[in-house]
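Here is how the chains run, residue by residue.
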Amino acid sequence: MPDSFDRELEQLLGYSEATQPEGFVIEVMRGVRREQRTRKVVLWAFGLVGALFGLAGAVMLSGPISHLFAFNLSLPAMETMQAALFIVGAVAFYLWFMNDDFSLGG
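Please read these numbers as outputs of a predicted model, since none were measured by experiment. (Residues numbered from 1 in each chain as written. Predicted model: local features only at pLDDT ≥ 70, side-chain atom pairs only at ≥ 80, totals over all residues. Heavy atoms only, no water.)

Engineer: It is not clear to me how the overall build of the protein chain should be interpreted in this structure. Could you clarify?
Structural biologist: Looking only at helices and strands, one finds three helices and zero strands in the protein chain. Counting from the amino terminus, helix and strand elements in the protein chain follow one another as α-α-α. When the 106 residues of the protein chain are sorted by exposure, 5% land in the buried category. When the accessible area of the protein chain is evaluated, it comes to approximately 9,900 Å², of which 69% is carbon and sulfur surface. (Helix = DSSP H or I, 4+ residues; strand = E, 2+ residues; numbered from the N terminus. Buried < 20%, exposed > 50% of the residue type's maximum accessible area, 1.4 Å probe, protein only. Areas by Shrake-Rupley, 256 points an atom, 1.4 Å probe, with all protein chains shown as cover.)

Below is the structure:
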């Protein structure tokens, strides 16, 4: 009895190099690609919704845009908000276009 037990224990604890079927790896990679596509679609959808809200806000604040480029030093509140909106929009577009990444790590 102990001899058969030892053999069974050796067989259970022994390292056997069981190769995974190639179909498993292909299926996992297909799942990863599908999740990446889903992630891209979600990011694009929320990005577009955010851009639409940004454009709606810009249209509401725009008024006569010529006042923004008149270079008056005494800007009222609406023109100040327009100038800030224009600057932040330009910086956001630049960062998106140049694909800058500001990571906190070193």
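Engineer: Explain the confidence of the model for the protein chain to me, please; I cannot follow it from the model alone.
Structural biologist: Detail in the predicted coordinates should be disregarded across regions flagged by low pLDDT. With 73% of its residues at a pLDDT of 70 or more, the protein chain shows a mean pLDDT of 77. Mean pLDDT values for the elements of the protein chain range from 75 in helix α1 (residues 2–13) up to 87 in helix α2 (residues 22–62). (pLDDT = per-residue confidence, 0-100.)

Engineer: Would you explain the pattern of salt bridges in this entry?
Structural biologist: Overall, the coordinates contain one salt bridge when judged by the stated rule. A salt bridge links arginine 30 to glutamate 27; the shortest N-O distance between them is 3.0 Å. With a gap of three residues between them, arginine 30 and glutamate 27 both fall in helix α2, about one helical turn apart. Given a relative accessible area of 43%, glutamate 27 falls into the partly exposed group. (Salt bridge = Lys/Arg side-chain N within 4 Å of Asp/Glu carboxyl O.)

Engineer: Got a minute to help me understand helix α3 (residues 77–98) in this structure?
Structural biologist: Given 3.6 residues to a turn, an α-helix orients residues that are three or four positions apart in the same direction. For α3, built from 22 residues, the straight-helix expectation of 32 Å at 1.5 Å per residue is met to within 8% by its first-to-last C-alpha distance of 31 Å. Among the residues of α3, those classed as buried are Glu79, Gln82 and Ala83. Each buried residue of α3 sits inside an arc of 100° when the element is viewed along its axis, so together they form one side. Exposed and facing more than 90 degrees away from the buried side of α3 are Ala77, Val88 and Trp96. Residue asparagine 99 follows α3 closely and has a positive phi angle near 55°. (Expected span 1.5 Å × (residues − 1). Arc of directions from axis to C-beta.)

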